[in-house]
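Structural features, examined
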Amino acid sequence: MKVVVTRKIPGNGIKMLQEGGFEVVVSPQNRPLERQELLNFIQGANGVLTQLQDKVNDEFINSAGPQLKIVANFAVGFDNFDLPSLSSHNIVATNTPDVLTEAVAEHTFALILSIVRRVVEAYKIALTQSFTFGPEVLLGMELKGKTLGVLGLGRIGGRVAEIGKALGMNVIYSDPKANVEFEQKIGASFKATPEEVLKEADVVSIHVPLLDSTKHLINTEKLKIMKPTAYLVNTSRGLVVDEAALVEALKNKTIAGAALDVFENEPYLSPGLELLDNVVLTPHIASATIEARSAMGELAAKNIIAVLSNQPPLTPVKAK
Ligand code: GLV
């Protein structure tokens, strides 16, 4: 049986597939495949290990052929999958939850600390070699005693909440449903709507999946609800934030700053974003640790091995 891997991955995932007795074909390109390249590359595959740029829809499924049994995403997010189409063809879809939670939560705090302490601005000034220590130079905000607002209390949002708590922050969150056990465990407070979180938080961190209902969850109106001293942080999906509206809010100081790892139209930035001082930007690397990326490859491989051996997948995903 043939397993196609659309981009080289770290860790033992490829080796595990080879040892499983599959013919493993890994893309020789160190970049996402162009659409036609991808469609040609997956022909005849029984399993495909996909990247989040690979759109998996009817066209993909038809190109692969009727022997396709599993598509294993190298990501926790799976908005690149057309799940109704996959299930109508009886193709299993899987993602890589849990193994990247720590990496993403820690990167979220790398971004939070960078934006509130103006690390990128400061770095540029340090490079000029013409700075002086000054009582009013580059003043930032302390996190202790401030309110962290978590939008979406899933695995990653939950870990971000815990780290915030460890730093002495008050934690509030919104989610479709309250998690009383979690609230009691870490001392967080549930808010029935994202608006209530936006109104009170000093740092708002987004951890919702991209769904029709979360597209542009943060738009001009929502940004106006935030405090002018508050920061917005996004390590989920770019489309959850109306980026043009965010650029305006940052220019007009409707909010104090933003730190983003994801963008609406990656790898492009909305015009003006690159000119602002009150932003910290990273190129979709929140899960980019050796530990997480190796484990993601291994989990994707295990899912493929299981399904192609007629066993249930470890981490299937289904349409909500
Ligand atoms: C990365 O964005 C992921 O969904 O794992």
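None of the values given here were measured: they were computed from a predicted structure. (Residues numbered from 1 in each chain as written. Predicted model: local features only at pLDDT ≥ 70, side-chain atom pairs only at ≥ 80, totals over all residues. Heavy atoms only, no water.)

Looking at the site of the ligand
Near the ligand you find L52, A75, V76, G77, L100, R237 and H284, and these make up its full shell. Interatomic distance of 2.8 Å between a backbone N/O atom of V76 and an oxygen atom of the ligand. At 2.8 Å from an oxygen atom of the ligand is found a main-chain nitrogen or oxygen belonging to G77. Alone, the ligand offers 190 Å² of accessible surface; in the complex the protein occludes 88% of this. For the shell around the ligand, a count of residues per class yields four nonpolar, two polar and one charged. (Near = heavy atom within 4 Å. Polar contact = N/O pair within 3.5 Å; in protein donor to acceptor, adjacent residues only side chain to side chain. Areas by Shrake-Rupley, 256 points an atom, 1.4 Å probe, with all protein chains shown as cover. Nonpolar A, V, L, I, M, F, W, Y, C, P; charged D, E, K, R; others polar.)

As for the packing of aromatic side chains
In this description, a pair of aromatic rings is defined by centroid distance and the angle of the planes. In this structure the tally under the stated criterion is one aromatic pair. Plain terms: the ring middles of Y173 and F190 are 5.4 Å apart, the flat faces sit at 55 degrees to each other, and that makes the pair tilted. Note that Y173 is positioned in strand β7 (residues 170–174) and F190 in strand β8 (residues 188–190), a separation of 17 residues in sequence. (Phe/Tyr/Trp six-rings, centres within 6.5 Å; stacked < 30°, edge-to-face > 60°. Helix = DSSP H or I, 4+ residues; strand = E, 2+ residues; numbered from the N terminus.)

Notes on the domain arrangement of the protein chain
Segmenting the protein chain into domains produces domain 1 (2–97 + 289–308) and domain 2 (101–281). Each of domain 1 and domain 2 was reduced to a C-alpha centroid, and the two centroids are 32 Å apart. Tallying the contact residues gives seven residues for domain 1 and five residues for domain 2. Counting each side, the surface lost to burial between domain 1 and domain 2 is near 490 Å², with a carbon and sulfur contribution of 59%. At the junction of domain 1 and domain 2, the tally comes to one salt bridge. The shortest N-O distance in the salt bridge between R237 and D79 comes to 2.9 Å. (Domains from an automatic or database assignment. Contact = heavy atoms within 4.5 Å. Buried area = accessible area lost by both parts, 1.4 Å probe. Salt bridge = Lys/Arg side-chain N within 4 Å of Asp/Glu carboxyl O.)

Considering the packing of helix α5 (residues 101–116) against helix α7 (residues 155–166)
Two numbers describe how α5 lies on α7: the axes approach to 9 Å, and their chain directions differ by 50 degrees. One element, α5, and the other, α7, form an angle in the oblique class. Crossing geometry of α5 relative to α7 is assigned as right-handed. Counted together, T101, E102, V104, A105, E106, T108 and F109 of α5 and R155, I156, R159, V160, I163 and G164 of α7 form the full contact between these two elements. Considering only residue class, the contact of α5 with α7 consists of six nonpolar, three polar and four charged. (Axes fitted to C-alpha atoms, helices over the stretch in contact; angles between N-to-C directions. Parallel < 35°, antiparallel > 145°, perpendicular 65-115°, else oblique. Left-handed = near helix turned anticlockwise from the far one by under 90°.)

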